[in-house]
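Close look at the chain arrangement
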Amino acid sequence: MSPGIPLGVLDLVPISSGSTAPEALRNSIELARRAEEFGYARYWFAEHHLNPGVAGTSPAVVLALTASATSTIRLGSGAVQLGHRTALSTVEEFGLIDALHPGRFDLGLGRSGGRPTPPLPAATPIVDGRAPNGLRIPPRFSFERLLGSPRIALQRRLLLLPDAKSQDYGDQIDDVLALLAGTYRSPEGIEAHVVPGEGADVEVWILGSSGGTSAEVAGRNGLRFAANYHVSPATVLEAADSYRAAFQPSDVLDKPYVTVSADVVVAEDDAMARELATGYGLWVRSIRTAEGAIQFPTPDEARAHLWTDEDRELVQDRVDTQFVGSPGRVADQLEQLQEAAGADELLITTITHDHADRVRSYELLAQEWRRRGHSSQSS
C-alpha cells in the first residue's frame, strides 16, 4: 500500500425522494464546502440527462456556482460527455470559469454514445471473481440492452442537433488539447484561438470504463486517466492496464497517473451503514432498466420493492462492489482497490437519502484516511 493516496469526491447531484432539484443543488454546493474542510483533494460533478433523481446535467454550470462557494479544493467534471458536444464549446466553457478562478479546474472528458468495448485480455489475472489481492471483480455486465432502449434513443435525439454526427473521440480530444494550447489549425491551415480558453490552466483527464478507446486515447496523449470501478467493476483493471500499456510521456506527465472511483457509504458502525445504503440497489435498478435514475429512496421505500430474479441480476455486480461499513472496514476496502489498480488517487461517490448522513459519511472516511497517514494533496 503506497502512502499518501489522495481522495476526491464524485457528485451526481442526487435528488432524494420527497426532495427537489434546487435542494439537491444547494446540498451539493454545501457538500463541496465541507469536503474542502475535510481535506478532499478534488470535487467532480458528473453529467447525466433525463434522470428524475439526478440534477447534475451541466458540469460547467455547477462548477461555476461551486467555485464561488469554495476556495482551495480542485473542481472538475467527471465527465463532460463529448458525444453531443464540440471541442470548441467545451474549451470555451472551461475557459470562462478558469478566467475567474484560475488554476482550480479539472477538465474531465468522457466518451458517450459509442458501442461497448468487447472484452479484452486482462494483464491482471482474475481467479474466481477476485484480483490477486482479493478485490472483488464481478462478471461483466452487458450494456447492450441499455443501448437498445427507446429512452436512450430519445436522449440522444434530444442532445444532438438534427442530422448531427458525433466527431471521432480521439480527434475530438486532439482538438480540445490544440485549442487549449493555441496550436489549432484546420485542415486548410486556418488558425482558431479561443478567448477565454486558450492557455487556461486546466488539468485534462480522460474517464473510461474499459480498456478501449478512452484508455488508449488517454495513454497516447500522456493524460491523466480515471477508471470506473463504481459503474463497471468488472472492467476496471482492464481499463487501468490498457491505459498504462498505451501511455506515452507528454509535457504534463512523464508516467501514467490513475484515479479509480468507488461507491461508498460510511457510518459509525457496519449496521448503520448498511441501513443507509439500503436504497442503492433499487436506485441502480432504475438506471439499468433505462427508466432513468429515480429519486434516491428511503430505506423503507427500498424495502417495499418486490425483487425479481431479473432485478437482482441487473444490480448484483454494483451491490457486491459497493463499500459499506464502518470507517475502518471501508478504508480497508479502498486500500485493497488502490493496490489492485495501482491507483495514484481514489474518487469517492456516496449517496444516502438524508443529506446529513451523506456529509457524515465523507467526514468519517476523511478522518480515518488521515489517521492512516494518507495525504490530501494530489500530484
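What you see as residue numbers is a count from 1 along each chain, following the sequence as written. Whole-chain, interface and lining totals are the exception, using all residues; otherwise, since this is a predicted model, local features are given only for residues with pLDDT of at least 70 and side-chain atom pairs are given and counted only at 80 or more. Excluding hydrogens and water, the side-chain values take into account all heavy atoms of the structure.

1. Digging into the overall build of the protein
To be explicit about the condition: Secondary structure elements follow DSSP: runs of H or I no shorter than four residues count as helices, runs of E no shorter than two count as strands, and numbering proceeds from the N terminus. The reference for a compact globule is 2.2 Å times residues^0.38; the radius of gyration itself is calculated from the C-alpha atoms. Throughout this description, buried means an accessible area under 20% of the type-specific maximum (1.4 Å probe, protein chains only), exposed means over 50%, and partly exposed covers the range between. Residue exposure ignores everything except the shown protein chains as possible cover, and the areas themselves are Shrake-Rupley values with a 1.4 Å probe. Only four residue types enter the tally: Lys and Arg on the positive side, Asp and Glu on the negative side, with His and both chain ends excluded. Lys charges are placed at NZ, Arg charges at CZ, Asp charges at CG and Glu charges at CD.
Assigned secondary structure in the protein consists of 14 helices and ten strands. Taking 379 residues into account, the globule formula puts the C-alpha radius of gyration at 21 Å, and the protein, at 20 Å, falls close to it. Along the three orthogonal principal directions, the C-alpha set of the protein runs to about 65 × 50 × 45 Å. Counting over 379 residues, the protein shows a buried share of 54%. Looking at the protein as shown, the accessible area adds up to about 16,300 Å², and 52% of this sits on carbon and sulfur atoms. Positive and negative side-chain charges in the protein, numbering 34 and 50 respectively, have mean positions lying 2 Å apart.

2. A look at the pattern of salt bridges
Pairing between side chains becomes possible if they bear opposite charge and their charged atoms approach one another. As a reminder of what qualifies: Definition used for salt bridges: Asp or Glu carboxyl oxygen within 4 Å of a side-chain nitrogen of Lys or Arg.
Tallied over the entire structure, the rule returns 23 salt bridges. Across the pair Arg 42 and Glu 203 runs a salt bridge, and its minimum N-O distance is 3.0 Å. Remark: Glu 203 occurs in strand S6 (residues 203-208) and Arg 42 occurs in strand S2 (residues 42-45); sequence separation between them is 161 residues. Judged on exposure class, the residue Arg 42 and its partner Glu 203 are both buried. Notably, a salt bridge pairs Asp 309 with Arg 312, separated by 3.6 Å at the nearest N-O pair. Separated by three residues within a single helix, Asp 309 and Arg 312 lie in helix H12 (residues 309-320), roughly one turn from each other. In this structure Asp 309 comes out as exposed when scored by relative accessible area, which is 65%. When salt bridges with common partners are traced through the structure, they connect Arg 42, Arg 74, Asp 106, Glu 203, Arg 224 and Glu 345 into a single cluster.

3. Side note on the side chain of Ser 16
Which entries qualify depends on this criterion: A 3.5 Å cut-off defines polar contacts: any pair of N or O atoms within that distance qualifies, except that in protein one atom must be a possible hydrogen donor and the other a possible acceptor, and neighbouring residues in sequence count only when both atoms are side-chain atoms. Whether two residues are in contact is decided by their heavy atoms, any of which lying within 4.5 Å being enough.
Tracing the backbone shows Ser 16 in the loop between strand S1 (7-11) and helix H1 (21-38). Looking at Ser 16, its side chain comes within polar contact range of the main-chain oxygen of His 353, at 2.6 Å. Contacts of Ser 16, omitting those with residues within four sequence positions, involve Gln 295, Phe 296, Thr 352 and His 353.

4. Some points on the pairing of S6
Operational definition: For two strands to be treated as a pair, DSSP must find at least two bridges joining them.
Among the six residues that make up S6, six are buried, leaving the element largely enclosed by the rest of the structure. In S6, alternate side chains face the same way, and those of Glu 203, Trp 205 and Leu 207 on one face and Val 204, Ile 206 and Gly 208 on the other are all buried. Sheet topology places strand S5 (residues 105-110) next to S6; five bridges connect them, and they run parallel. Considered in S6, the bridge of Leu 107 is made with Val 204. Inspection of the sheet shows S6 paired to strand S7 (residues 224-228) by four bridges, in the parallel sense. What sits directly across from Trp 205, in S7, is Arg 224.

5. Regarding unusual backbone geometry
The linkage connecting Gly 78 with the following residue, Ala 79, adopts the cis geometry, with an omega of 10 degrees. Counting through the fold element by element, Ala 79 comes out in the loop between strand S3 (74-77) and strand S4 (80-81). The phi torsion at Asp 128 lies on the positive side, around 55 degrees, for a residue other than glycine. Residue position: Asp 128 is located in the loop between S5 and helix H4 (144-147). Among the residues examined, Asp 128 registers a relative accessible area of 78% and is labelled exposed.

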